[in-house]
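Fold and contact review
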Amino acid sequence: MDDFHAALRSLRVWDTALPAFDPATAPAAPLPLFHEWFTAAAGAGAVEPHTAQLATVDEDGLPDVRTLMLHDADGRGWRFASHAGSAKGRQLAARPVAALHFYWPVHGRQVRVRGRVTAGTPEEAYADLHARSTGALASALVGRQSEVLGSLDELARESASAWARAESEPGATAGSWTLYVLEPDEVEFFQGDARRRHVRLRYRRPGEGEQGSWVRELLWP
């Protein structure tokens with residue numbers, strides 16, 4: 001425990017120069033700014049900038065979260081994929097709302113995306129799966145995500161079989177593989193500041209009586 005506390009208290013945040021962010025220059029919609037920040041993080045050597053935390057709610061109203069990979073972000077929404085029978089798949093079927101969180105410490109930046117989630121077509125899921133690696137296909141062919149595993153030996157056998165099939169049948173399909181699209185109602189951009197004067201810019205869908213596709217507003221840090 002002493003080692004844990006010593007390590008915890010020794011850590012510092014954003015031990016580097018942080019970029020400036022003037023929200024007055026931000027675009028009218030959140031997607032171009034997300035693309036800009038993502039590309040900047042990747043260019044600055046951020047580790048796995050395409051990973052994000054996905055938060056969902058189960059049928060009992062209990063929250064859940066995990067890290068996954070972003071597959072795309074376009075005019076329709078932020079895209080990720082999973083098995084329909086996985087924990088996240090079942091939760092999204094019961095309550096089709098979610099939040100994504102990206103964190104790029106190289107620039108002290110976060111992005112939060114919240115909204116409704118819809119499932120893509122089987123054709124979109126197939127195209128998504130086969131745009132990825134052989135290992136991704138093998139993992140999808142194993143399936144059974146979030147089920148109770150009897151032993152690591154069982155996993156090794158199933159994985160070896162799936163790898164063999166993925167290599168011999170690169171066009172194989174995994175029926176439960178699903179492409180999900182988070183269609184945002186709210187997107188927040190957070191730019192860290194060394195003096196803790198963080199800049200938070202929120203885009204949200206307009207309410208009654210408000211004009212435009214998005215409302216932009218600053219939030220207190």
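For clarity, every value in this text was computed on a predicted model and none was experimentally measured. (Residues numbered from 1 in each chain as written. Predicted model: local features only at pLDDT ≥ 70, side-chain atom pairs only at ≥ 80, totals over all residues. Heavy atoms only, no water.)

**Considerations on the side chain of Ser86**
- Along the chain, the position of Ser86 falls in the loop between β4 (78–83) and α3 (87–94).
- At 3.0 Å, the side chain of Ser86 forms a polar contact with the side chain of Ser82.
- A distance of 2.7 Å separates a polar atom in the side chain of Ser86 from the backbone oxygen of His83.
- Not counting the four nearest positions on each side in its chain, Ser86 is found in contact with Gln145 and Ser146. (Helix = DSSP H or I, 4+ residues; strand = E, 2+ residues; numbered from the N terminus. Polar contact = N/O pair within 3.5 Å; in protein donor to acceptor, adjacent residues only side chain to side chain. Contact = heavy atoms within 4.5 Å.)

**A closer look at the environment of Gly115**
- If you trace the backbone, Gly115 turns up in strand β6 (residues 109–119).
- In this structure, the C-alpha to C-alpha distance between Gly115 and Pro96, residues 19 residues apart in sequence, is 8.7 Å.
- In contact with Gly115, not counting residues within four places along its chain, are Pro96, Val97, Ala98, Leu182, Glu183, Pro184 and Asp185.

**Quick word on the nonpolar core**
- Membership of the largest hydrophobic core comes to 30 residues, with the highest contact counts inside it found for Phe34, Trp78, Leu100, Phe102 and Val111.
- For this core, the secondary structure elements donating two or more residues are α2 (30–43), β1 (51–57), β4, β5 (97–104), β6, β7 (177–191) and β8 (199–204).
- The leading source of residues in this core is α2, at 5 residues.
- When neighbours within four sequence positions are excluded, Val111 is seen to be in contact with Phe34, Trp37, Leu100, His101, Phe102, Trp104, Val187, Glu188 and Phe189.
- Counting residues in hydrophobic clusters, the runner-up holds 13 residues, among them Ala81, Leu129, Ala174 and Trp177. (Core = buried A, V, L, I, M, F, W, Y, C linked by side-chain atoms within 4.5 Å. Buried < 20%, exposed > 50% of the residue type's maximum accessible area, 1.4 Å probe, protein only.)

**Things to note about the pairing of β8**
- As defined by bridge partners, β7 adjoins β8 across 6 bridges and the pair is classed as antiparallel. Looking across to β8, one finds that Phe189 is bridged to Leu201.
- When β8 meets strand β9 (residues 215–219), the two strands line up antiparallel, connected through 5 bridges. By the bridge assignment, Arg200 is partnered in β9 with Leu219. (Pairing = 2+ DSSP bridges.)

**Quick look at the side chain of Arg66**
- Its location among the elements puts Arg66 in strand β2 (residues 63–69).
- Within the structure, the side chain of Arg66 is placed 3.4 Å from the side chain of Asp64, a separation counted as a polar contact.
- When sequence neighbours within four positions are dropped, the list of residues in contact with Arg66 reads Ala52, Gln53, Leu54, Ala55, Thr56, Ala87, Lys88 and Gln91.

**Things to note about the packing of aromatic side chains**
- This structure, assessed with the given rule, holds 12 aromatic pairs.
- Note on Phe34 and Trp104: the rings are 5.9 Å apart at their centroids and 45 degrees apart in plane angle, and the pair reads as tilted. You can see Phe34 sitting in helix α2 and its partner Trp104 sitting in strand β5, a full 70 residues away along the chain.
- Accessibility expressed as a relative area gives 1% for Phe34, which makes it buried.
- Arranged with centres 6.4 Å apart and planes meeting at 85 degrees, the rings of Tyr203 and Trp214 form a pair that is edge-to-face. Placement of Tyr203 in strand β8 and of Trp214 in the loop between β8 and β9 is noted, with a sequence separation of 11 residues between them. For the pair Tyr203 and Trp214, one class covers both residues: buried.
- Clustering of aromatic rings is evident, with ring pairs tying together Phe21, Trp37, Phe189, Tyr203 and Trp214.
- Taking NZ or CZ as reference, Arg109 lies 4.2 Å from the ring centre of Trp37, over its face. (Phe/Tyr/Trp six-rings, centres within 6.5 Å; stacked < 30°, edge-to-face > 60°. Lys NZ or Arg CZ within 6 Å of the ring centre and 35° of its normal.)

**Let's talk about a nonpolar patch on the surface**
- A grouping of Met1, Phe4, Leu8 and Leu11 is seen on the molecular surface, where their side chains present a nonpolar patch of about 490 Å² in accessible area.
- Structurally, Phe4 is set in helix α1 (residues 2–10).
- Judged by its relative accessible area of 47%, Phe4 is partly exposed. (Patch = residues over 30% accessible without salt bridge, like charges linked within 9 Å, V, L, I, M, F, W, Y side chains within 5 Å. Areas by Shrake-Rupley, 256 points an atom, 1.4 Å probe, with all protein chains shown as cover. Salt bridge = Lys/Arg side-chain N within 4 Å of Asp/Glu carboxyl O.)

As far as function goes, none of this settles anything; it's purely spatial.
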